[in-house]
Amino acid sequence: MSDPQTPCKLVVLLSGNGSNLQAIIDRIEAGQLNASIVGVISDKADAFGLQRAAQHRIDSTTIIPEPGETREAYDARLQSSIESYQADWIIMAGFMRILSDSLVEKHLGKLINIHPSLLPKYKGLNTHQRVLDAGESLHGASVHFVTPTLDDGPVIMQGQIDVKPDEMPEQLKQRIHQIEHQLYPDVIQLLCQQRIVYTDRSITFDNKTLNTPLTIESPAHVA
Ligand code: GRF
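This report concerns the structure included in the present document. (Residues numbered from 1 in each chain as written. Predicted model: local features only at pLDDT ≥ 70, side-chain atom pairs only at ≥ 80, totals over all residues. Heavy atoms only, no water.)

**Overview of the site of the ligand**
For step 1, the next point in the chain: As a structural note, the neighbourhood of the ligand is formed by N17, G18, S19, N20, G94, I114, H115, P116, H177 and E180.
For step 2, the next point in the chain: Within the backbone of G18, a nitrogen or oxygen atom sits 2.8 Å from an oxygen atom of the ligand.
For step 3, the next point in the chain: Here a nitrogen atom of the ligand and a backbone polar atom of I114 are 2.9 Å apart.
For step 4, the next point in the chain: Burial of the ligand by the protein amounts to 86% of the accessible area it has alone, namely 360 Å². (Near = heavy atom within 4 Å. Polar contact = N/O pair within 3.5 Å; in protein donor to acceptor, adjacent residues only side chain to side chain. Areas by Shrake-Rupley, 256 points an atom, 1.4 Å probe, with all protein chains shown as cover.)

**Focus: the environment of V131**
For step 1, the next point in the chain: With respect to the helices and strands, the residue V131 is situated in helix α5 (residues 127-133).
For step 2, the next point in the chain: Sequence separation between V131 and S117 is 14 residues; the distance between their C-alpha atoms is 8.5 Å.
For step 3, the next point in the chain: Not counting residues within four places of it along the chain, the set of residues in contact with V131 comprises Y122, E136, L138, H139, V163 and L172. (Helix = DSSP H or I, 4+ residues; strand = E, 2+ residues; numbered from the N terminus. Contact = heavy atoms within 4.5 Å.)

**Observations concerning helix α3 (residues 71-85)**
For step 1, the next point in the chain: Here α3 is 15 residues long and its end C-alpha atoms lie 21 Å apart, about the 21 Å a rise of 1.5 Å per residue gives.
For step 2, the next point in the chain: Every buried residue of α3 is accounted for by Y74, D75, L78, Q79, S81, I82 and Y85.
For step 3, the next point in the chain: In this structure, the buried side of α3 is in contact with β1 (8-14), β2 (35-42), β3 (60-62), β4 (89-92) and α4 (101-106).
For step 4, the next point in the chain: Looking at the residues trailing α3, positive phi occurs at Q86, about 50°. (Expected span 1.5 Å × (residues − 1). Buried < 20%, exposed > 50% of the residue type's maximum accessible area, 1.4 Å probe, protein only.)

**Let's talk about the nonpolar core**
Note on soluble globular proteins: their nonpolar side chains tend to be buried together.
For step 1, the next point in the chain: Membership of the largest hydrophobic core comes to 46 residues, with the highest contact counts inside it found for L10, I112 and I156.
For step 2, the next point in the chain: If one sorts the elements of this core by residue count, helix α6 (residues 169-192) sits on top with ten residues.
For step 3, the next point in the chain: If we skip the residues at most four places from it in the chain, L10 touches I24, A35, S36, I37, V38, G39, A87, W89, I91, I188 and C192.
For step 4, the next point in the chain: V11, I41, L78 and M92 belong to the second largest nonpolar core, which has 16 residues in total. (Core = buried A, V, L, I, M, F, W, Y, C linked by side-chain atoms within 4.5 Å.)

**Overview of the pattern of salt bridges**
For step 1, the next point in the chain: All told, the structure shown has eight salt bridges when counted by the stated rule.
For step 2, the next point in the chain: Measuring nitrogen to oxygen at the nearest pair gives 2.9 Å for the salt bridge that ties D152 to K123. In this pair, D152 sits in the loop between β6 (138-145) and β7 (155-162) while K123 sits in the loop between β5 (111-115) and α5, placing the two residues 29 residues apart along the sequence.
For step 3, the next point in the chain: By relative accessible area, which is 32% here, K123 ends up partly exposed.
For step 4, the next point in the chain: R175 serves as the salt-bridge partner of E167, at 2.8 Å between the closest nitrogen and oxygen.
For step 5, the next point in the chain: Taken together, the shared-partner salt bridges connect K123, D152 and R201 into one network. (Salt bridge = Lys/Arg side-chain N within 4 Å of Asp/Glu carboxyl O.)

**Let's talk about the state of the cysteines**
For step 1, the next point in the chain: Applying the stated criterion across every chain yields a total of one disulfide.
For step 2, the next point in the chain: Between the sulfur atoms of C8 and its disulfide mate C192 the distance is 1.8 Å. Of the two residues, C8 sits in strand β1 while C192 sits in helix α6, which places them 184 residues apart along the sequence. The two residues C8 and C192 agree in class, both being buried. (Disulfide = S-S within 2.5 Å.)

**Let's talk about the packing of aromatic side chains**
For step 1, the next point in the chain: Summed over the entire model, instances satisfying the criterion amount to one aromatic pair.
For step 2, the next point in the chain: Pairing F145 with Y198 gives two aromatic rings, centres 5.0 Å apart and planes at 55°, and the pair type is tilted. With F145 in strand β6 and Y198 in strand β8 (residues 196-199), this residue pair connects regions lying 53 residues apart in the sequence.
For step 3, the next point in the chain: Assessed through its relative accessible area of 0%, F145 is described here as buried. (Phe/Tyr/Trp six-rings, centres within 6.5 Å; stacked < 30°, edge-to-face > 60°.)

**Considerations on the pairing of β1**
For step 1, the next point in the chain: Among the seven residues that make up β1, six are buried, leaving the element largely enclosed by the rest of the structure.
For step 2, the next point in the chain: With seven bridges joining them, β1 and β2 adopt parallel strand pairing. Paired with V12 across the bridge in β2 is V40.
For step 3, the next point in the chain: For the handedness criterion, the β-α-β arrangement of β1, helix α1 (residues 19-29) and β2 is classed as right-handed.
For step 4, the next point in the chain: In terms of strand pairing, β1 meets β4 through four bridges, oriented parallel. Counted as the bridge partner of V11 is I90 from β4. (Pairing = 2+ DSSP bridges. Right-handed = clockwise from strand over helix to strand, strands pointing away.)

If you want it as structure tokens, here you go:
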């Protein structure tokens, strides 16, 4: 890992809109995140996130799954693309594929994901609808290290909101996105500053074990 003063290098993996990519770009361009996005990788040619990358002159690569291609074969292509960018951190921002264990193991501690729920609750898809169906009063988003089990790695930071009575899934999704757009750049800054470190399935924050996730509301992580 490079000197914490030099911008850390990020490669962002996405499949769709890329609003989280945009939030990271905006934070960097505002001079509030000491990082540089060296590449964006998408598994979908029409992902709007690719246009966002182009608008900001960020290099991108599209890796479309071929018919009948195994996960391992796809991930071998993904791995060479990731490697080619020589990034410090691999940022999954709405990349809608499950990664093979071997790919995850290769990048353990350097691979992070954002998930739209208060993990460990509501792993998997369709979280907003499931939260509403269950009558939850709280919902949120989590940034976590990626480990081979889906949405199961140690959680670095969460942001939460109250679910409004009679809220529709789309409205809830929009509000969760707003939380995500603050959360992800906040976490990336801590990673780049090397204040958050993954060791042996746990997290250290400022050299102390992090027993419960940081929250965006807590001032603990503000430098
Ligand atoms: C976000 O809700 C994120 O939590 C999930 O995928 C969505 C991506 O949204 N993993 P966007 O493409 O960044 O707008």
